[in-house]
Amino acid sequence: MAAPQDVHVRICNQEIVKFDLEVKALIQDIRDCSGPLGALTELNTKVKEKFQQLRHRIQELEQSAKEQDKESEKQVLLQEVENHKKQMLRKTTKESLAQTSSAITESLMGISRMMSQQVQQSEEAMQTLANSSRTILDANEEFKSMSGTIQLGRKLITKYNRRELTDKLLIFLALALFLATVLYIVKKRLFPFL
């Protein structure tokens, strides 16, 4: 029958392997994650939790190794502890890389949002310019139309002025002829001898 201490060591080793695999899976998830930022933050938090659990189990294993009665078993367990610590150190580097990657991703997403806003503002400015151009073209067409109407009005006024002058001249001549006729008739009736 296995000693309780051996059972504890075996359980610690199994949990260390389990946490190690979970950390690897989470790091792979971080690498594969393309956003959003909340998902990356959640994955980073999970990695930190698993690292803490992994550290705790390694410390328990180290404590169990120090409590071993046989020096050979003690050394074997301490060697295992050292191996786990080295692996954890490599994973810690991966975790910091994942955090750096997350920060870079966050910065890139911020830049992407800013660029998207700039593009949207540019599109709005282009739309405003297009609308202004359309308004100016419409005003120009209306101005051309009004210019034609004004020229036509000027020609009509000039023609009317000439006609008015002609009419006045004709009226004056007709009046003069009428007066001359009246004078002639009066002269013949009143002064037939002249």
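Look up a bit, the structure's there.
What counts, and at which threshold
- Residues numbered from 1 in each chain as written.
- Predicted model: local features only at pLDDT ≥ 70, side-chain atom pairs only at ≥ 80, totals over all residues.
- Heavy atoms only, no water.
- Helix = DSSP H or I, 4+ residues; strand = E, 2+ residues; numbered from the N terminus.
- Buried < 20%, exposed > 50% of the residue type's maximum accessible area, 1.4 Å probe, protein only.
- Contact = heavy atoms within 4.5 Å.
- Areas by Shrake-Rupley, 256 points an atom, 1.4 Å probe, with all protein chains shown as cover.
- Polar contact = N/O pair within 3.5 Å; in protein donor to acceptor, adjacent residues only side chain to side chain.
- Core = buried A, V, L, I, M, F, W, Y, C linked by side-chain atoms within 4.5 Å.
- Patch = residues over 30% accessible without salt bridge, like charges linked within 9 Å, V, L, I, M, F, W, Y side chains within 5 Å.
- Salt bridge = Lys/Arg side-chain N within 4 Å of Asp/Glu carboxyl O.

Draft legend 1. Spatial organisation of the overall build of the protein. Secondary structure summary: the protein contains three helices and zero strands in total. The burial tally for the protein puts 18% of its 194 residues in the buried class. Sequence separation of at least 24 residues holds for 69% of the intrachain contacts in the protein that already meet a minimum separation of 6. Looking at the protein as shown, the accessible area adds up to about 15,100 Å², and 61% of this sits on carbon and sulfur atoms.

Draft legend 2. Spatial organisation of the environment of Asn13. Tracing the backbone through its elements, the reader meets Asn13 in helix H1 (residues 4-32). The exposure class assigned to Asn13 is buried, which follows from its relative accessible area of 18%. Leaving out residues up to four positions away in the same chain, Asn13 has contacts with Leu61, Glu80 and His84.

Draft legend 3. Quick peek at the side chain of Arg57. With respect to the helices, strands and loops of the structure, Arg57 is situated in helix H2 (residues 37-66). Side chain to side chain, Arg57 and Glu60 meet in a polar contact 2.7 Å long. Those residues within four positions of Arg57 in sequence are excluded, and the remaining contacts are Cys12, Glu15, Ile16 and Phe19.

Draft legend 4. Spotlight on the nonpolar core. By size, the foremost hydrophobic cluster in this structure holds 20 residues, and its most contacted members are Leu54, Ile58 and Leu61. For this core, the secondary-structure elements that each account for two or more residues are H1, H2 and helix H3 (71-190). Each residue touching Leu61, except ones within four places of it in the same chain, is listed here: Val9, Cys12, Asn13, Ile16, Leu77, Glu80, Val81 and His84.

Draft legend 5. Highlighting a nonpolar patch on the surface. Taken together, the side chains of Leu175, Phe178, Leu179, Val182, Val186, Leu190, Phe191 and Phe193 define a hydrophobic patch exposed on the protein surface, amounting to about 800 Å² of accessible area. Along the chain, Phe193 turns up in the segment after H3.

Draft legend 6. Looking closely at the pattern of salt bridges. Evaluation of the coordinates by the stated rule reveals three salt bridges. Glu42 is the partner of Lys46 in a salt bridge, and the nearest nitrogen-oxygen pair spans 3.7 Å. One end of the pair is Lys46 and the other is Glu42, both in helix H2 and four residues apart, which spans about a single turn. A residue is classified by how much of its surface remains accessible, and Glu42, at 47% relative accessible area, is partly exposed.

Draft legend 7. Geometry of the side chain of Glu60. As for its position among the elements, Glu60 is in helix H2. A polar contact is formed between the side chain of Glu60 and the side chain of His56, at a distance of 2.8 Å.

By themselves, these are just geometric observations and shouldn't be taken as functional.
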